[in-house]
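A structural walkthrough
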Amino acid sequence: MTTLFTILFDGVAYGMLLFVLACGLAVTLGLMNFVNLAHGAFAMAGGYVCAVLVNRSGVPFFAALPAAFLASAAIGLVAERLLYRHLYRRSPLDQVLFTIGLVFMAVTVADYLMGSSQTFIHIPDSLQGQINVFGVGVGRYRLMIIVICGLLTLALQLILMKTRFGSRLRAAVDDPRAAGGLGISVPYVFALTFAFGSGLAGLGGALGAEILGLDPYFPLKFMIYFLIVVTVGGASTITGPFLAALLLGIADVAGKYYVPKLGAFVIYTVMIVILIWKPHGLFGRTAAR
C-alpha cells in the first residue's frame with residue numbers, strides 16, 4: 001500500500017505538471033485551431049528565466065515564478081503579433097513546418113546563451129525533503145506542484161467557461177466574422193489567449209525544471225508528451241487534457257517503477273489503446289462544428 005500510494009502521489013504530481021505544460025497547447029490547438037509545435041520553447045524560456053533569477057541573481061524561488069510566467073507571456077505576445085498571426089488561416093502542414101522551424105531556432109539560441117549542460121533550479125530548503133502523510137513519505141516539492149497546478153487548473157476552467165473573455169474566445173473561434181460584427185476584437189482575443197497560454201507554459205517550465213531538468217533540447221524532448229496529453233484528452237476541452245495528463249502521469253510513473261526496462265513504452269501503449277477505443281480522444285468532438 002505504501003508503494004502504491006507513493007506511485008499514485010508521484011504520478012499525480014507528474015500529471016499535474018504535464019497538464020500545466022501542455023494546457024497552453026490545448027488552448028491554441030483546441031480553441032484557436034492552430035498547431036503550435038513550438039509550445040515547448042516557451043516552457044523552456046520560462047524555465048531559464050527562473051533559473052537565471054534564482055541561481056545567479058538570488059531572487060527567491062516563489063518570486064521568480066511570476067517572472068517566468070510574465071517573461072514567457074511577453075515572448076508569446078511578441079511572437080504572436082509578429083509571426084503567428086500570419087499563419088492562422090494557413091494549412092496545418094504550413095503551421096507544423098513553421099513551428100518546427102521555430103523549435104530548432106529556439107534550441108540553437110538557448111544553446112548559445114545558456115550552454116548545453118543541464119540546468120536545475122536551486123529550490124528553497126522549505127521545499128526539500130519529505131513530510132509524513134499517514135506514515136508515507138511525501139515529497140514537499142511535488143506536493144507544492146500538486147497544490148499550485150490544481151489551483152491553476154481550476155482558475156483556467158473558470159476563466160474559459162464562466163467569464164466574458166472565455167465566451168468571447170469561443171465566439172471568435174467558432175465564427176470570427178460574426179464575432180467581429182458583434183464588436184469583439186478577434187485579433188486582440190487571439191493575442192491575449194496566445195500570450196496567456198505561453199505564460200502557463202513558462203510557469204510549467206519553471207516548476208518542472210527541478211524534476212524534468214532543463215537543457216536546450218527541452219522543446220524537442222517533451223514535444224511528444226505535450227501532443228500525447230492533448231491528443232488523448234481531446235483538443236476541444238480543457239477537462240480532457242487534464243484527465244489525460246493525470247492518467248498518463250500515473251501510468252508513466254507506474255511503468256517506470258514496475259517495468260523500468262520498458263521505459264516510456266507504457267505511456268505509448270496507453271495512448272494507443274485509448275485512441276483505438278476513442279479516436280477523437282477522451283472528450284474530443286466527433287462531429288464538425
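The rules behind these values
- Residues numbered from 1 in each chain as written.
- Predicted model: local features only at pLDDT ≥ 70, side-chain atom pairs only at ≥ 80, totals over all residues.
- Heavy atoms only, no water.
- Helix = DSSP H or I, 4+ residues; strand = E, 2+ residues; numbered from the N terminus.
- Contact = heavy atoms within 4.5 Å.
- 1 Å grid on protein atoms, 1.4 Å probe; cavity = no way out; pocket = protein on both sides within 12 Å on 5 of 7 lines; lining within 4 Å.
- Points joined across faces, edges and corners; volume = space filled by probe spheres on them.
- Nonpolar A, V, L, I, M, F, W, Y, C, P; charged D, E, K, R; others polar.
- Expected span 1.5 Å × (residues − 1).
- Buried < 20%, exposed > 50% of the residue type's maximum accessible area, 1.4 Å probe, protein only.
- Patch = residues over 30% accessible without salt bridge, like charges linked within 9 Å, V, L, I, M, F, W, Y side chains within 5 Å.
- Areas by Shrake-Rupley, 256 points an atom, 1.4 Å probe, with all protein chains shown as cover.
- Salt bridge = Lys/Arg side-chain N within 4 Å of Asp/Glu carboxyl O.
- Axes fitted to C-alpha atoms, helices over the stretch in contact; angles between N-to-C directions.
- Parallel < 35°, antiparallel > 145°, perpendicular 65-115°, else oblique.
- Left-handed = near helix turned anticlockwise from the far one by under 90°.
- Disulfide = S-S within 2.5 Å.

**Describing the environment of T239**
In this structure, T239 sits in helix α11 (residues 239–258). Not counting residues up to four positions away in its chain, the partners in contact with T239 are Q157 and F283.

**Quick notes on the layout of surface pockets**
Each pocket or cavity is described by its volume, and for the largest pocket that value is around 480 Å³. Taken together, 19 residues make up the lining of the largest pocket; nearest its centre are A41, A45, I75, A106 and V109. Breaking the lining of the largest pocket down by element, the ones donating at least two residues are α2 (39–56), α3 (61–82) and α4 (92–114). Per-class residue counts for the lining of the largest pocket are 19 nonpolar, no polar and no charged.

**So, empty space enclosed by the protein**
Scanning the entire structure with this criterion turns up one cavity of 30 Å³ or more. Empty space within the largest cavity amounts to approximately 40 Å³. Taken together, L25, N36, L37, H39, G40, P219, M223, F226 and L227 form the lining of the largest cavity. Those elements giving two or more residues to the lining of the largest cavity turn out to be α2 and α10 (223–233). It is α10 that provides the largest number of residues to the lining of the largest cavity, a total of three residues. For the lining of the largest cavity, the class distribution of residues is six nonpolar, three polar and no charged.

**Points about α2**
Look at α2: 26 Å from first C-alpha to last across 18 residues, which is about the 26 Å you get at 1.5 Å a residue. Most of α2 sits out of view: 13 of its 18 residues are buried. G58 sits one or two residues past α2 and shows a positive phi near 75°.

**A look at a nonpolar patch on the surface**
A grouping of L4, Y257, Y258, V259, L262 and F265 is seen on the molecular surface, where their side chains present a nonpolar patch of about 620 Å² in accessible area. Here L262 lies in the loop between α11 and α12 (265–277). Judged by its relative accessible area of 47%, L262 is partly exposed.

**Comments concerning the packing of α10 against α12**
In the contact formed by α10 and α12, the axes pass within 10 Å of each other and the chain directions differ by 30°. Between α10 and α12, the angle is such that the two are roughly parallel. The crossing of α10 and α12 is left-handed. Where α10 approaches α12, its residues I224, Y225, I228, T231 and V232 are matched on the opposing element by I267, Y268, M271, I274 and L275. Among the residues forming the contact of α10 with α12, the class breakdown is nine nonpolar, one polar and no charged.

**Some remarks on the state of the cysteines**
Overall, the coordinates contain zero disulfides when judged by the stated rule. Free of any disulfide, C23 has its nearest cysteine sulfur in C149, 8.9 Å distant. Given the relative accessible area of 2%, C23 is considered buried. Judged by relative accessible area, which is 0%, C149 ranks as buried.

**Observations regarding the packing of α2 against helix α8 (residues 186–212)**
For the pair α2 and α8, the least separation of the axes is 6 Å and the interaxial angle reads 55°. One element, α2, and the other, α8, form an angle in the oblique class. As α2 packs across α8, the resulting crossing turns out to be right-handed. The segment α2 lies against α8, with H39, F42, A43, G46, G47 and C50 engaging F194, G197, S198, A201, G202, G205 and A206. Looking at the contact of α2 with α8 residue by residue, the class counts come to six nonpolar, seven polar and no charged.

By themselves, these observations are geometric and do not establish any function.
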